[in-house]
Amino acid sequence: MALHVVVIGAGIVGAATALELLRDGHRVTIVEPGEPGGPQAASYGNGAWLSPASVVPMSMPGMWKKVPGYLADPLGPLTIRISALPRLMPWLVRFLAAGATVPRVEATARALAPLLRDGPTRHARLAAEAGVAELIRQDGLLYAYPDRRAFEAEALAWRLRRDNGVQWTELSAEQLRAREPALDPRYRFGALVESGAHCTDPGAYVAALVHHAVAQGAALLRARAIGFETAAGRLQAVRTNGGAIAGDRAVIAAGIHSKSLADAAGDRVSLASERGYHVVIANPQATPRIPVMPSDGKMGNTMTRSGLRASGQVELAAIDAPPNWKRAEVLLDHLRRTYPALAGDIPRERLSFWMGHRPSTPDGLPVIGPASACHDVVHAFGHGHVGLAAGPATASLVADVIAGRESPISIQPYSATRFRWW
Ligand SMILES: Cc1cc2nc3c(=O)[nH]c(=O)nc-3n(C[C@H](O)[C@H](O)[C@H](O)COP(=O)(O)OP(=O)(O)OC[C@H]3O[C@@H](n4cnc5c(N)ncnc54)[C@H](O)[C@@H]3O)c2cc1C
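Residues numbered from 1 in each chain as written. Predicted model: local features only at pLDDT ≥ 70, side-chain atom pairs only at ≥ 80, totals over all residues. Heavy atoms only, no water.

**Thoughts on the overall build of the protein chain**
Next up, step 1: A tally of regular secondary structure across the protein chain gives 13 helices and 21 strands.
Next up, step 2: On C-alpha atoms alone, the protein chain measures out to a radius of gyration of 21 Å, which is about the 22 Å that the 2.2 N^0.38 rule sets for 422 residues.
Next up, step 3: With the principal axes as the frame, the protein chain shows a C-alpha extent of 65 × 45 × 40 Å.
Next up, step 4: In the protein chain, which comprises 422 residues, the proportion classed as buried is 56%. (Helix = DSSP H or I, 4+ residues; strand = E, 2+ residues; numbered from the N terminus. Rg over C-alpha atoms; globule rule 2.2 N^0.38 Å. Buried < 20%, exposed > 50% of the residue type's maximum accessible area, 1.4 Å probe, protein only.)

**A word on the site of the ligand**
Next up, step 1: Around the ligand, 37 residues are found, and the nearest of them are E32, S43, G47, G384 and A389.
Next up, step 2: Look at the ligand: alone it shows 1000 Å² of surface, and the protein chains cover 95% of it.
Next up, step 3: Contributing elements (two or more residues each) for the shell around the ligand: α1 (12-23), α2 (42-45), β15 (272-281), β19 (351-360) and α13 (387-403).
Next up, step 4: With 4 residues, the single largest contributor to the shell around the ligand is β19.
Next up, step 5: Partitioned by chemical class, the residues of the shell around the ligand number 20 nonpolar, 14 polar and 3 charged. (Near = heavy atom within 4 Å. Areas by Shrake-Rupley, 256 points an atom, 1.4 Å probe, with all protein chains shown as cover. Nonpolar A, V, L, I, M, F, W, Y, C, P; charged D, E, K, R; others polar.)

**Overview of the side chain of S258**
Next up, step 1: Tracing the backbone shows S258 in the loop between β14 (249-252) and α11 (259-264).
Next up, step 2: A residue is classified by how much of its surface remains accessible, and S258, at 0% relative accessible area, is buried.
Next up, step 3: With residues up to four places along the chain from it excluded, the contact list for S258 reads I252, A253 and F381. (Contact = heavy atoms within 4.5 Å.)

**Notes on the pairing of strand β1 (residues 4-8)**
Next up, step 1: Most of β1 is tucked away: 5 of the 5 residues are buried.
Next up, step 2: The alternating pattern of β1 places H4, V6 and I8 on one face and V5 and V7 on the opposite face, and all of these are buried.
Next up, step 3: Relative to strand β2 (residues 27-31), β1 runs parallel, the two sharing 5 bridges. In the strand pairing of β2, H4 is matched with R27. (Pairing = 2+ DSSP bridges.)

**Looking at the nonpolar core**
Next up, step 1: If you look at the biggest cluster of nonpolar residues, it comprises 58 residues, and the most contacted ones within it are L21, V28, I30, Y205, L209, V251 and I402.
Next up, step 2: Here the element with the most residues in this core is α13; it accounts for 9 residues.
Next up, step 3: In terms of nonpolar packing, the next biggest core, distinct from the first, is built from 25 residues, L171, Y187, Y277 and L308 among them. (Core = buried A, V, L, I, M, F, W, Y, C linked by side-chain atoms within 4.5 Å.)

**Remarks on the packing of helix α6 (residues 119-129) against helix α10 (residues 202-215)**
Next up, step 1: Contact pair α6 / α10: the axes reach a minimum separation of 9 Å and the direction vectors enclose 55 degrees. Considering their axes alone, α6 and α10 lie oblique with respect to each other. The two elements α6 and α10 meet at a crossing, and its hand is left-handed. Of α10, the residues touching α6 (which contributes H123, L126, A127 and E129) are Y205, L209 and H212.
Next up, step 2: Split by residue class, the contact of α6 with α10 holds 4 nonpolar, 2 polar and 1 charged. (Axes fitted to C-alpha atoms, helices over the stretch in contact; angles between N-to-C directions. Parallel < 35°, antiparallel > 145°, perpendicular 65-115°, else oblique. Left-handed = near helix turned anticlockwise from the far one by under 90°.)

That's the geometry; what it means functionally is another story.
Put into structure tokens, the structure is as follows:
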């Protein structure tokens with residue numbers, strides 16, 4: 001049955017969902033206050049990795065021991081702004097609990113795997129359909145370590161990957177050099193995930209998907225959704241700052257801003273911003289062939305259309321707190337230590353910095369599925385570190401929910417109701 005579906009948010013999740021719904025024959029209205037794929041969205045500035053290996057949650061056993069260090073080091077790879085601590089405490093406690101035991105992280109990895117496994121193929125298909133096939137590149141993804149011992153220190157993470165069907169090729173120092181000659185020689189061991197892919201311009205990619213959806217008949221409305229009108233548990237309209245839009249179904253895909261909408265649909269979810277940063281060097285002296293994650297930097301280094309992008313850092317702070325650009329400088333410093341050709345002065349006009357919000361649940365799993373107070377509203381947010389990669393699989397699950405079709409995978413692990421018991 002063809003329905004009118006209002007998709008709230010035009011990041012990667014909203015854009016992919018709109019296309020999936022159009023494929024099912026629905027009428028689609030996308031509500032988005034900003035430019036689709038613009039810098040207000042996490043989908044704009046991320047690391048651009050489409051990684052089946054991203055099944056490893058942020059919270060892992062033993063992490064609680066590191067919290068005092070995170071509080072003490074404002075420029076480490078994960079920091080917590082002390083001013084935000086009281087508000088973040090419930091999220092933080094759940095975050096540490098979610099990674100407290102090996103069985104818990106195994107369950108998280110198992111639930112993430114089907115959202116990520118065929119991400120590269122799904123993205124390649126979507127990009128081709130939208131006429132921007134060149135934006136998705138299947139060159140593999142490389143994890144670089146100083147030596148094998150450093151790789152083995154992450155044995156649990158690699159075990160989780162292997163258990164979920166991720167394969168990799170181990171590279172000796174010479175093989176690593178041959179694959180990625182731009183890398184600093186201090187990296188002497190590599191793990192190459194050949195099934196991984198990347199996007200060379202995530203913002204432009206999302207914009208192209210939305211453009212394609214509009215060309216297929218979707219309406220794009222510049223407005224901010226603020227709630228829902230319901231009657232007898234059924235959706236009547238989505239309320240926006242520009243008036244109400246009548247609709248049969250609505251999809252909440254507003255990234256970090258989804259929490260209040262989920263609340264309005266009857267689900268109190270635990271969602272916090274894991275703020276992240278990027279720096280892009282235009283016309284860089286080093287142009288790595290493969291995206292690299294250096295183990296000592298915990299950042300993704302990826303060649304994009306606008307230059308060499310380093311993205312990473314986790315900063316737990318209020319959504320509206322001003323950015324701390326020193327964190328982007330940390331990324332730049334590390335980038336220069338990763339690629340010796342970047343050693344000289346880089347003129348300021350060749351650098352650009354960005355900060356954005358990972359929409360993160362404490363257990364590292366997204367929220368997907370019907371809302372509790374009104375089943376016509378469907379959640380599609382909370383993808384934290386993996387939303388770019390998992391966007392298309394999420395879109396297909398949302399389309400299944402709206403069509404009343406059985407999905408190839410269970411959506412139960414992503415249910416918003418899981419927060420009731422925490
Ligand atoms: C530094 C960094 C690096 C990352 N690296 C990667 C990576 O390499 N690979 C990966 O897979 N993921 C990565 N991520 C995570 C990924 O970017 C996010 O999970 C993903 O972009 C979330 O997509 P989204 O569509 O849910 O939200 P967003 O992209 O944030 O889009 C939400 C949209 O909703 C709109 N909106 C907000 N409020 C409303 C409202 N009330 N009404 C209507 N619209 C609204 C916003 O304007 C925005 O356009 C990274 C994130 C960061 C910050």
